[in-house]
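Architecture and fold: a report
Residues per chain are reported as follows:
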Amino acid sequence: SDRKAYVNSLFASGKEMVLTDLMKLIRDKDFDVRREAIYIAGKQNVKELLPDICECLNIPQLSKDAYYALKSFGTGAFEALTTHYFRSTGNTYVRTLLIRLFRETKDISANAFLLPRLWSVHRDLRKEALTGLLGCDFKPSEEEKDKLIQEIQEVIGFLTWNIAAT
């Protein structure tokens, strides 16, 4: 399309794109134009567009592009990722992607986000969070150890009760 060619020519020119132009392009109806805008925002590290890129995780045609653009921001995207996580209630696919983004940074600062996800209702979210904590060399504090032990004891009690009931 003409708009996609326009986006590519702007990026190829090497000039800094104007934020308002990128905002318009990332909200365009054409998925190819949006994909290019997501790529440029990630490549040029345009943090102002993080919420818009997070929204693209909800769109199947753009989620992969949005994922890799967000990954390129590293820990700089944590605030936007956290906000979008809480806005994505009920969407386990997007929430799994967001947890995976935290996990893949392998940064110790991701632990504060990942630890509470261990108590998620959804098994896939818990698995991603646990994998992330292990990858970030998580070392629980005494309070966190006590909470984890209590949770493990509750699970064992629940399993024992279910086995005894059958």
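**Examining the nonpolar core**
Counting residues in each nonpolar core, the largest one holds 43 residues, and the members touching the most others are Ile53, Leu57, Leu70, Leu81 and Leu114. Residue assignment for this core shows that the elements contributing at least two residues are helix 2 (19-26), helix 3 (31-43), helix 4 (50-56), helix 5 (63-73), helix 6 (78-87), helix 7 (92-105), helix 8 (111-114) and helix 9 (123-135). Sorting elements by how many residues they give to this core places helix 7 first, with six residues. Once you skip the residues sitting within four places of it in the chain, Leu114 turns out to touch Ile99, Phe102, Arg103, Ala129, Gly132, Leu133 and Cys136.

**Some points on unusual backbone geometry**
Negative phi is the rule for most residues except glycine; trans is the rule for most peptide bonds. Even without glycine at this site, Lys106 takes up a positive phi of about 55°. Positive phi outside glycine occurs at Asp137, with the angle close to 55°. For Asp137, the position within the fold is in the loop between helix 9 and helix 10 (142-165).

**A short note on the side chain of Arg95**
Checked against the element boundaries, Arg95 lands in helix 7. Here Arg95 occupies a buried position and makes no salt bridge, while the nearest side chain of opposite charge, Glu55, is found at 12 Å. Not counting residues within four places of it along the chain, the set of residues in contact with Arg95 comprises Tyr85, Phe86, Ser88, Thr89 and Leu125.

What counts, and where the lines are drawn
- Residues numbered from 1 in each chain as written.
- Predicted model: local features only at pLDDT ≥ 70, side-chain atom pairs only at ≥ 80, totals over all residues.
- Heavy atoms only, no water.
- Core = buried A, V, L, I, M, F, W, Y, C linked by side-chain atoms within 4.5 Å.
- Buried < 20%, exposed > 50% of the residue type's maximum accessible area, 1.4 Å probe, protein only.
- Helix = DSSP H or I, 4+ residues; strand = E, 2+ residues; numbered from the N terminus.
- Contact = heavy atoms within 4.5 Å.
- Lys, Arg positive; Asp, Glu negative; His and termini not counted.
- Salt bridge = Lys/Arg side-chain N within 4 Å of Asp/Glu carboxyl O.

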